[in-house]
Amino acid sequence: GLYSLYLDKNALSKLSEGLERTILVTGTNGKTTTARLIGNFLEKEKIGYIHNRHGSNLERGLVSTLIQDSSLAGTLKHQTALFEVDEAALSNLIPKLKPSVIVLTNLFRDQLDRYGEVDNIKRLWEKSLGNLDSETTLVLNADDPAIAYLGEKTSCKVLYFGINDPGVKLSETPKVMDSDNCPQCQAKLQYKHFYSSHQGDYLCHKCGFHRPNLNIEANNIELHEKVTNFELKDLNKEKIELKSDLAGVYNIYNSLAAFSTLKALNLNLEKFPEVLGEFSSVFGRGERFEVDKRYVLIALAKNPTGFNEVIRTFLKKR
């Protein structure tokens, strides 16, 4: 990919011309799990797809992935692409890939040496998403105010997902919040519930900005030691009972993001409960082992919010 872009800076645009639909998944946390869930469903439906499964999510990684799926003449073997994308790379990739669906999982403070503060990434996203047309659907985490606000700055279709269950709210105001000011007027947001860091049910009393109505939501959540049960309500207000081996509230968000993406693609989701039930944790992300009759949880934490959620999940299981 690196050498291809050196030879032709338009390599990504040219290689992706044969794609019928492209899914981009980005955000601070949850990209890999969300993308794998989507991919597993596509496999279950026998839909061939291209995926940067090994995690190289910059432009050169996407070019490498497309080259591996191409003939010597540059013809792609599959017409669906599923790409996990670096947060800072998204703006540059959108015009080159013309995505069908863009998924934004959340936005937390992370890699300050590369990204700067979260407002910097938000500005980049707002500028690029504002140019999308009706051919693209945005799938947004409504519980994250910075993400939800982006839906008001674009003319494309938007699907909002989130949690609607006071039973899993945090018992106190979280000490780590990266985006609790109103993205519209910068006043302090007022929260009815916090579900994780600054994610929750919020309202700005100054300008009226509030959490959008949820198109797809999770409620009746039960967090057990080895399984998570919850009820999902979709666009048609139909209720779906789901069971997952993925631990933690953050993985409910990942499951909602995956379901919403597949819904945006107008796929029949009858097999989604089966796919979620069979899904096992991605390497290092919530894997469970038993060693000498002791329970071991291996979790990835690369920023303060992620670390807090890992601790919360671990303590819940004690």
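Here's what I pulled together on the structure shown here. (Residues numbered from 1 in each chain as written. Predicted model: local features only at pLDDT ≥ 70, side-chain atom pairs only at ≥ 80, totals over all residues. Heavy atoms only, no water.)

For the rest of this paragraph, the subject is the overall build of the protein chain. Across its full length, the protein chain holds 11 helices and 13 strands. Expressed as a percentage of the 318 residues in the protein chain, the buried residues total 54%. Taking the intrachain contacts of the protein chain between residues at least 6 apart in sequence as the baseline, contacts between residues at least 24 apart amount to 64%. (Helix = DSSP H or I, 4+ residues; strand = E, 2+ residues; numbered from the N terminus. Buried < 20%, exposed > 50% of the residue type's maximum accessible area, 1.4 Å probe, protein only. Contact = heavy atoms within 4.5 Å.)

Contact geometry for helix H3 (residues 31–44) and helix H9 (residues 249–264): axes closest at 8 Å, N-to-C directions at 45°. One finds that H3 runs oblique with respect to H9. Considering the relative orientation of H3 and H9, their crossing is right-handed. Here H3 contributes Thr33, Thr34, Leu37, Ile38, Phe41 and Leu42 to the contact with H9, which in turn contributes Asn251, Asn254, Ser255, Ala257, Ala258, Thr261 and Leu262. Looking at the contact of H3 with H9 residue by residue, the class counts come to 7 nonpolar, 6 polar and no charged. (Axes fitted to C-alpha atoms, helices over the stretch in contact; angles between N-to-C directions. Parallel < 35°, antiparallel > 145°, perpendicular 65-115°, else oblique. Left-handed = near helix turned anticlockwise from the far one by under 90°. Nonpolar A, V, L, I, M, F, W, Y, C, P; charged D, E, K, R; others polar.)

What follows deals with the pattern of salt bridges. One pass over the full model with this rule turns up 10 salt bridges. Close ionic contact of Lys96 with Glu59 constitutes a salt bridge, the shortest N to O distance being 3.0 Å. With Lys96 in helix H5 (residues 90–97) and Glu59 in helix H4 (residues 59–68), the pair connects residues that are 37 residues apart, well separated along the chain. (Salt bridge = Lys/Arg side-chain N within 4 Å of Asp/Glu carboxyl O.)

Before going further, it helps to spend a moment on the environment of Thr34. With respect to the helices and strands, the residue Thr34 is situated in helix H3. Judged by relative accessible area, Thr34 falls into the buried class, the value being 0%. Taking C-alpha positions, Thr34 is 8.8 Å from Tyr253, a pair spaced 219 residues apart along the chain. If we ignore the near neighbours within four places in the chain, the residues touching Thr34 are Val25, Thr105, Asn254, Ala257 and Ala258.

With mixed pairing, the 9 strands of this open sheet are ordered in space as S2-S3-S1-S4-S5-S6-S9-S10-S11. Looking along the sheet, the strands with just one partner apiece sit at the ends: strand S2 (50–51) and strand S11 (239–244). Pairing analysis gives 5 bridges linking strand S1 (residues 21–26) to strand S3 (residues 80–84), with the strands arranged parallel. Across the sheet, the residue bridging to Leu24 is Phe83, located in S3. (Pairing = 2+ DSSP bridges.)

Within this structure, the stated rule accounts for 6 aromatic pairs. Centroid distance Tyr191 to Phe194: 4.1 Å. Interplanar angle 20°. Geometry classified as stacked. Phe194 matches Tyr191 in its accessibility class, with the two residues each being buried. An aromatic cluster is present here, built from Tyr149, Tyr191, Phe194, Tyr202 and Phe209 joined pairwise through their rings. (Phe/Tyr/Trp six-rings, centres within 6.5 Å; stacked < 30°, edge-to-face > 60°.)

A few words now on the environment of Leu132. Structurally, Leu132 is set in the loop between helix H7 (118–129) and strand S5 (137–141). Looking at Leu132, the relative accessible area reads 7%, which means it is buried. With 22 residues separating them along the chain, Leu132 and Thr154 place their C-alpha atoms 6.7 Å apart. Contacts of Leu132, omitting those with residues within four sequence positions, involve Ile94, Ile102, Leu138, Thr154, Ser155 and Cys156.

Distances and angles like these do not, on their own, reveal function.
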